Amino acid sequence: LSVDAHHERWTAGVAWNRDDFYDLFGPTKRSLSGYNGYVAYDLPLVFDPPQTMDLFAKVAFYGDLTTLPGYQNVAAPTQNLFTGEAGLVSSDTRASPGAVDDETGYAWSVKGHVYGAMGEIIPSVSGTFDVGFPLPLDHSSIWLRSGASVSSGSRNNPLANEYLGAFGNNYVDSGANGSAQRYRDLLSMPGFDLQALQGKSLVKSLLEWCIPPLRFE
């Protein structure tokens, strides 16, 4: 059961044993046992497409947890958990007519996050920066996608770690549940299972060549 409410820039919701239809087609599971509630806020600071910048914030509480929110393979160290996050997301990317992906520009984000559990507060901060340049080939570009994250707390505490692993694309999915280009995400790491790697800090860079599309009559 879940209920969500939207009003202008505010979103709020509650859920009990939240489920997701696309979990039937794994490997990524978004269902979450227990109950939770959240309040979120999104404010456009710049809206001049293709240039945008958004301020976002969200607080949530989880009860009767068995796994960490967002990490289906990580057991929750506590049944009750508070989370909070706030940050900025900005983008100024462009593409020529007929393109299948962005061909030039930049995008960046910075986010602060905090876990609260068992009388302990565990903060973390992360950021990403992507920049792309068009090539002489039609609809082809080179992108450098970089990101970093660092958190406090004990390495033995599951709440103090980030978890990297497989891209997590489900066999059947919808655009609302995630992009097909999830290999670009900061926590995506090829060659490993979902959430197979963990660490308190990370730095990642990806050099990507977007090749021209193949078109068929």
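These figures come from a predicted structure and were not determined experimentally.

Novice: Can you break down the pairing of strand β4 (residues 51-63) residue by residue, with the values?
Specialist: Sheet analysis places strand β3 (residues 32-48) next to β4, joined by 13 bridges and oriented antiparallel. Its bridge partner lying in β4, P44 is registered against D54. Between β3 and the antiparallel strand that follows it, β4, lie two residues. Pairing of β4 with strand β7 (residues 81-94) involves 12 bridges; the strand directions are antiparallel.

Novice: Describe the pattern of salt bridges, and please don't skip the residues or the numbers.
Specialist: Within the structure shown, the criterion is met by six salt bridges. Notably, a salt bridge pairs R184 with D101, separated by 2.7 Å at the nearest N-O pair. Note that R184 is positioned in the loop between β11 (162-164) and β12 (197-199) and D101 in the loop between β7 and β8 (104-117), a separation of 83 residues in sequence. Its relative accessible area of 22% is what places R184 among the partly exposed residues. The closest approach of N and O atoms between E208 and R145, which form a salt bridge, is 2.7 Å. You can see E208 sitting in strand β13 (residues 201-210) and its partner R145 sitting in strand β10 (residues 141-151), a full 63 residues away along the chain. One network of salt bridges, in which partners are shared, links D101, D130, R145, R184 and E208.

Novice: Break down the packing of aromatic side chains for me, with residues and values.
Specialist: Overall, the coordinates contain six aromatic pairs when judged by the stated rule. With 4.7 Å between their ring centres and 50 degrees between their planes, W10 and Y41 make a pair best called tilted. Of the two residues, W10 is situated in strand β2 (residues 10-18) and Y41 in strand β3; the sequence distance between them amounts to 31 residues. Residue classification places W10 among the partly exposed positions, given a relative accessible area of 47%. Each member of the aromatic cluster is reached from another via a ring pair, and the members are F21, Y22 and F25. A cation sits over an aromatic face here: K58 above Y38, 4.9 Å from the ring centre.

Novice: I'd like a description of the pairing of β3, backed by residues and values.
Specialist: Note that β2 and β3 share eight bridges and pair antiparallel. Bridge assignment links W10 to a residue of β3, and that residue is Y41.

Novice: Kindly report on the side chain of T28, identifying the contributing residues and their values.
Specialist: For T28, the location among the structural elements is in the loop between β2 and β3. Judged by relative accessible area, which is 15%, T28 ranks as buried. A distance of 2.5 Å separates a polar side-chain atom of T28 from the backbone oxygen of G168. With residues near it in sequence (within four places) discarded, T28 still touches D23, Q72, G168, N170 and L194.

Novice: Which residues make up the sheet that holds strand β1 (residues 2-7), and what values go with them?
Specialist: On the basis of which strands lie adjacent, the open sheet formed by nine strands has the order β1-β2-β3-β4-β7-β8-β9-β10-β13 and antiparallel pairing. Two strands bound the open sheet, and with one partner strand each, they are β1 and β13. The mean inter-strand angle of the sheet, taken between neighbouring strand axes irrespective of direction, is 10 degrees. In terms of strand pairing, β8 meets strand β9 (residues 120-134) through 13 bridges, oriented antiparallel. The residue bridging S109 from the neighbouring strand is T128, located in β9.

The rules behind these values
- Residues numbered from 1 in each chain as written.
- Predicted model: local features only at pLDDT ≥ 70, side-chain atom pairs only at ≥ 80, totals over all residues.
- Heavy atoms only, no water.
- Pairing = 2+ DSSP bridges.
- Helix = DSSP H or I, 4+ residues; strand = E, 2+ residues; numbered from the N terminus.
- Salt bridge = Lys/Arg side-chain N within 4 Å of Asp/Glu carboxyl O.
- Buried < 20%, exposed > 50% of the residue type's maximum accessible area, 1.4 Å probe, protein only.
- Phe/Tyr/Trp six-rings, centres within 6.5 Å; stacked < 30°, edge-to-face > 60°.
- Lys NZ or Arg CZ within 6 Å of the ring centre and 35° of its normal.
- Polar contact = N/O pair within 3.5 Å; in protein donor to acceptor, adjacent residues only side chain to side chain.
- Contact = heavy atoms within 4.5 Å.
- Axes fitted to C-alpha atoms, helices over the stretch in contact; angles between N-to-C directions.

Purely spatial values, then, with no claim about function.
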